Every structure is written in structure tokens, then in C-alpha cells.
Amino acid sequence: MTVQQISSTAADMPRASLLLNCDLGESFGSWQMGRDHDAMPHIDLANIACGFHAGDANVMAQTLSLAKQHKVTIGAHPSYPDLQGFGRRSMHCSAAEIRHLLHYQIAALDGMAQCQGMSVSYVKPHGALYNDMMSQPAVWQAVLEAIASYHKPLKLMILATADAALLKQQAATAGVSLLFEAFADRRYTDQGKLTPRAQAGAVLHGAEVLEQVDQLLKTGTVTTDTGRTLALQADTLCVHGDNLEAIAQLQQIRMRVNACQR
């Protein structure tokens, strides 16, 4: 299924149709990050690093080729210009700076994709930029403006929260369509935000991950850090391919999603 198909069906999409997305192309030079070759066959959407937090020309080209081989829809995964900190540190940027750094990174990946007969379909900000987008109205508006002013339509992937309806309305006003993302391995707050990593139990492991995936697939809900049941309108589920354990878990998640689609 392509992102273009998502645009016409997302509102009516059953929870069993969750698409799997994964952050890939995050190696740099001789530094190897993740197991992209093992993850790519099991996902639907590849969020490809654009050089500001990870990735370089060779890595981008190789990751695009791998996505093409497995017929995976590609998205840009831009960040603050923070290569040393892997894009995990917030930066005080003006709206114009955010717009330009996003255009620069998206265009780099999209240009390389076109050289392989492919095209970027959506954008998922990385790390601190993603978190700031979800917590700071000024950054949110700047990101919307950047996506809306790109030279072709692109979807924006954001966190599925309790404020989804309001965010969707704001994005529509800017002329941007959204993909709402849930996380397989993160505990949620009652407000639908991700529990801070510094808090105990914020990151789920092993059976907890599969239990949360099953809950999302069957009921479209998650259990929050206080034990409440929270409904999430998610189009896609973020999974990981960092190591062999993550790949094994990804394969189990893929089987669960496939089983629900039968």
C-alpha cells in the first residue's frame, strides 16, 4: 500500500491496517547503524535519514535502492543540524531556519530518489525536532509551513495523541495531510504523549511490546502509565531494526499485522 492510497482510506481504516514504519539509513561513512537489510523486507514505510543527524550520499543511495527492491514507500527523516548528537538535542531555530533546513534535507533525499525512479511521499521529523514539533506550537507551525511550501504535496507523520482532531484541523488549514503514528515500544501518558525516557517503564521490552501491538490491532487503544485505556487513531506503527533482537520482534509484529488483515 502506498502513501497515496493511505490518503483516501486513513479515516476509515480499520486498526488491523496499521502500516509499519522504521527509521533507516542512519549509518554514516564507516559507522554502521541498524540492520537495514534485515528490517526492510518487513516494513511498509522507510523513514530515511537525510544527512543532518545521520546518513550520507552513499548511505542514502543504498537505502533507497533497498527500499525500491522491496517496494517500500519512502519518506524523508530530517532533523536539526546535529550530527554529533544524532539529532537528539533541541536547537533554537527561527521559523525560516526550520523551513529551510527541512527543504534542504527533503530535497536532497527526493533528488537522489528520483535518480532511481522513486519519489519521497512523506516526512517524519527525527529526534528532538519531532519532540519539539509535538510540544512547541511555534515549531509545529514552522514544520507545517515547511511541508506546505515544498514544491510538491507531502504528508507529515506525527505522533497520534489525544489532540489528533485539533492537529488534523490545523494541518488541513495549512494544506497538509497527516499520518498519525503510534509506537510499539513506548508507554503513553493519559494525554497520549510518550512517557519521558527518564521515567521508569517508559520503554517497553519483550512481551510488553507484543501486548501493546496486539491491543492496538484489536481495539485501537493503549494502556497508559496510570492504567487507563486510551484510544489512538493511528495510521502507522513505528518499529525498530537496530539489532538482531529488534529484527526478531519486528518479524513477530509483521506476522501479527498480516494475521489481522486476513
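Above this text is the structure in question.
Residues numbered from 1 in each chain as written. Predicted model: local features only at pLDDT ≥ 70, side-chain atom pairs only at ≥ 80, totals over all residues. Heavy atoms only, no water.

Student: For this particular structure, what's the right way to read the side chain of asparagine 21?
Tutor: Mapping asparagine 21 onto the fold places it in strand β1 (residues 19–24). By relative accessible area, asparagine 21 is classed as buried at 0%. In terms of polar contacts, asparagine 21 uses its side chain to reach the side chain of lysine 124, at 3.5 Å. A polar contact of 3.3 Å, which involves the side chain of asparagine 21, links it to the side chain of glutamate 181. Setting aside residues no more than four positions away along its own chain, asparagine 21 makes contact with Leu45, Asn47, Lys124, Met157, Glu181, Thr236, Leu237, Cys238 and Val239. (Helix = DSSP H or I, 4+ residues; strand = E, 2+ residues; numbered from the N terminus. Buried < 20%, exposed > 50% of the residue type's maximum accessible area, 1.4 Å probe, protein only. Polar contact = N/O pair within 3.5 Å; in protein donor to acceptor, adjacent residues only side chain to side chain. Contact = heavy atoms within 4.5 Å.)

Student: Help me out: how do you make sense of empty space enclosed by the protein in this one?
Tutor: If you walk through the whole model with that rule in mind, you get one cavity of 30 Å³ or more. There is about 30 Å³ of room inside the largest cavity. Residue lining of the largest cavity: Asp23, Leu24, Gly25, Glu26, Met33, Gly34, Asp36, Gly241 and Asp242, and that is the complete set. Residue classes in the lining of the largest cavity are distributed as two nonpolar, three polar and four charged. (1 Å grid on protein atoms, 1.4 Å probe; cavity = no way out; pocket = protein on both sides within 12 Å on 5 of 7 lines; lining within 4 Å. Points joined across faces, edges and corners; volume = space filled by probe spheres on them. Nonpolar A, V, L, I, M, F, W, Y, C, P; charged D, E, K, R; others polar.)

Student: How should the nonpolar core be read in this particular structure?
Tutor: The tendency in soluble globular proteins is for nonpolar side chains to be buried as a group. Counting 74 residues, the largest nonpolar core has Ile43, Met133, Leu156, Ile158, Leu178, Leu237 and Ile253 as its most contacted members. Tallying contributions element by element places helix α6 (residues 137–148) first for this core, with seven residues. (Core = buried A, V, L, I, M, F, W, Y, C linked by side-chain atoms within 4.5 Å.)

Student: Mind showing me how you'd approach a nonpolar patch on the surface here?
Tutor: On the surface, Phe28, Trp31 and Leu83 cluster together into a nonpolar patch covering about 280 Å² of accessible area. In this structure, tryptophan 31 sits in the loop between β1 and α2 (36–39). Taking relative accessible area as the criterion, tryptophan 31 reaches 43% and is therefore assigned partly exposed. (Patch = residues over 30% accessible without salt bridge, like charges linked within 9 Å, V, L, I, M, F, W, Y side chains within 5 Å. Areas by Shrake-Rupley, 256 points an atom, 1.4 Å probe, with all protein chains shown as cover. Salt bridge = Lys/Arg side-chain N within 4 Å of Asp/Glu carboxyl O.)

Student: Honestly, the pattern of salt bridges in this entry has me stumped. Any pointers?
Tutor: Note that side chains of opposite charge can pair when their charged atoms are close. The full count for this structure, using the stated rule, is nine salt bridges. For arginine 35, the salt bridge identified is with aspartate 38, shortest N-O distance 2.8 Å. Overall, the relative accessible area of 34% leaves arginine 35 in the partly exposed class. Salt bridges sharing partners connect three or more residues here, namely Asp23, Lys124 and Glu181.

Student: Any chance you could explain the sheet that holds strand β5 (residues 155–159) here in plain terms?
Tutor: Pairing within the closed barrel is parallel, and its seven strands lie in the order β1-β2-β3-β4-β5-β6-β9. The sheet contact formed by strand β2 (residues 45–49) and strand β3 (residues 73–77) spans five bridges and is parallel. Along β3, the bridge assignment pairs alanine 46 with isoleucine 74. Docked against the sheet, helix α4 (residues 95–114) engages β2, β3 and β4 (122–123), running at close to 150 degrees with respect to β3. Along the sheet face, α6 touches β4, β5 and β6 (178–183) and points at about 155 degrees away from the line of β5. (Pairing = 2+ DSSP bridges. Axes fitted to C-alpha atoms, helices over the stretch in contact; angles between N-to-C directions.)

Student: Looking at this structure, how should I read the packing of helix α3 (residues 57–69) against α4?
Tutor: A pair of packed helices is captured by two measures, namely the crossing angle of their axes and the spacing between those axes. Two elements in contact, α3 and α4, have axes separated by 10 Å at closest approach and are oriented at 55 degrees. It follows that α3 is oblique to α4 by the angle criterion. When you trace α3 past α4, the crossing you get is right-handed. Seen from α3, the contacting residues are Ala57, Met60, Ala61 and Leu64; seen from α4, they are Leu109, Met112 and Ala113. Of the residues contributing to the contact of α3 with α4, the split by class is seven nonpolar, no polar and no charged. (Parallel < 35°, antiparallel > 145°, perpendicular 65-115°, else oblique. Left-handed = near helix turned anticlockwise from the far one by under 90°.)

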